[in-house]
Amino acid sequence: MASFLIVEARFYDHLNDMLVAGAKAALEAEGHSVEVLTVPGALEVPGAIAMAAESGRYDGFVAIGVVIRGETYHFEIVAGESARGIMALTMDGIAIGNGIITTENEEQAIVRADPTKKDKGGEAAKAARALLDLQGRFGV
């Protein structure tokens, strides 16, 4: 089985708890090992994944976080740049599932984070696993 690192931007504890639970459940159900690393915010997630990937200790990664629109332009920067960083790493061949959710409000975030509802953490874990499977298929 594979070894996965969940990198979470811990800002909204109750929402992150749900996202991480969904991601862990999806991976552990298939027998994969899972570790969790916490970073300050969504902008730090791609950098942490890049460093962890360099270590060679993990086969795949799940990015977890919540960005809720506020009254300033900061939302667009954080949402866009964290997604761009994760996509750049994915294009470099790192198996990453992006579970950083971006919403207008907390109510939307709860629905997306809850493992009994949209389970975006679980979906991100499944995406990471699917990309890892593709690495094996293509020999990378």
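Residues numbered from 1 in each chain as written. Predicted model: local features only at pLDDT ≥ 70, side-chain atom pairs only at ≥ 80, totals over all residues. Heavy atoms only, no water.

Another aspect to go through is the side chain of Asp114. In this fold, Asp114 is placed in the loop between α4 (106–113) and α5 (120–138). For the buried Asp114, no salt bridge exists, and the shortest N-O distance to an oppositely charged side chain is 4.1 Å, to Lys117. Excluding residues that lie within four positions of it along the chain, Asp114 makes contacts with Met18 and Asp119. (Helix = DSSP H or I, 4+ residues; strand = E, 2+ residues; numbered from the N terminus. Buried < 20%, exposed > 50% of the residue type's maximum accessible area, 1.4 Å probe, protein only. Lys, Arg positive; Asp, Glu negative; His and termini not counted. Salt bridge = Lys/Arg side-chain N within 4 Å of Asp/Glu carboxyl O. Contact = heavy atoms within 4.5 Å.)

Here the largest pocket defines a volume of roughly 280 Å³. Together, 17 residues line the largest pocket, and Phe11, Val66, Val67, His74 and Val78 are the ones closest to its centre. The set of elements that each furnish at least two residues to the lining of the largest pocket consists of β3 (60–68) and α3 (74–91). If you tally residues by element for the lining of the largest pocket, the top one is β3, at 4 residues. (1 Å grid on protein atoms, 1.4 Å probe; cavity = no way out; pocket = protein on both sides within 12 Å on 5 of 7 lines; lining within 4 Å. Points joined across faces, edges and corners; volume = space filled by probe spheres on them.)

Before going further, it helps to examine the nonpolar core. Ranked by internal contacts, the top residues of the largest apolar core, which has 23 residues, are Ile6, Leu15, Val62, Ile64 and Val66. If you list the elements that add at least two residues to this core, you get β1 (3–9), α1 (13–28), β3, α4 and α5. Top element by residues in this core is α1. It accounts for 7 residues. Ile6 has contacts with Val20, Ala23, Lys24, Val34, Glu35, Val36, Leu37, Val62 and Ile64, leaving out every residue within four places of it along the chain. Counting 20 residues, the second-largest nonpolar core is a separate cluster that includes Ile49, Tyr58, Phe61 and Ile94. (Core = buried A, V, L, I, M, F, W, Y, C linked by side-chain atoms within 4.5 Å.)

Buried residues dominate β3, accounting for 9 of its 9 residues. Residues Gly60, Val62, Ile64, Val66 and Ile68 line one face of β3 and the alternating positions Phe61, Ala63, Gly65 and Val67 line the opposite face, and both faces are buried. Across 5 bridges, the pairing between β1 and β3 is parallel. Opposite Leu5, over in β3, you have Phe61 as the bridge partner. (Pairing = 2+ DSSP bridges.)

In spatial order, the strands read β2-β1-β3-β4; together these 4 strands make up an open sheet with parallel pairing. Whereas interior strands pair on both sides, the edge strands pair on one side only; in this sheet they are β2 (33–39) and β4 (96–103). Averaged over all pairs of adjacent strands, the angle between their axes in this sheet comes to 15°, without regard to strand direction. Its contacts with the sheet put α1 on β1, β2, β3 and β4, and the angle it makes with β3 is roughly 160°. Seen against the sheet, helix α2 (residues 45–55) touches β1, β2, β3 and β4 and runs at an angle of roughly 170° to β3. (Axes fitted to C-alpha atoms, helices over the stretch in contact; angles between N-to-C directions.)

This brings us to the packing of aromatic side chains. Under the defined criterion, the tally for this structure stands at 2 aromatic pairs. Where Phe11 meets Tyr12, the ring centres are 5.0 Å apart and the plane angle is 75°; that geometry is what we call edge-to-face. For Tyr12, a relative accessible area of 23% translates into the label partly exposed. (Phe/Tyr/Trp six-rings, centres within 6.5 Å; stacked < 30°, edge-to-face > 60°.)

Once that is clear, we can look at the UniProt feature "active site" (unreviewed entry) in the chain. UniProt's entry tags His74 with the feature "active site" (unreviewed entry), counted in the numbering of this structure. Positionally, His74 belongs in helix α3. (UniProt positions renumbered as here; feature names shortened; annotations may be inferred.)

The subject of this paragraph is the environment of Leu131. Secondary-structure assignment places Leu131 in helix α5. When its relative accessible area of 27% is taken as the criterion, Leu131 is described as partly exposed. Residues Leu131 and Ile96, spaced 35 residues apart in sequence, show a C-alpha to C-alpha distance of 7.2 Å. Here Leu131 is in contact with Thr90, Ala95 and Ile96, once residues within four sequence places are set aside.

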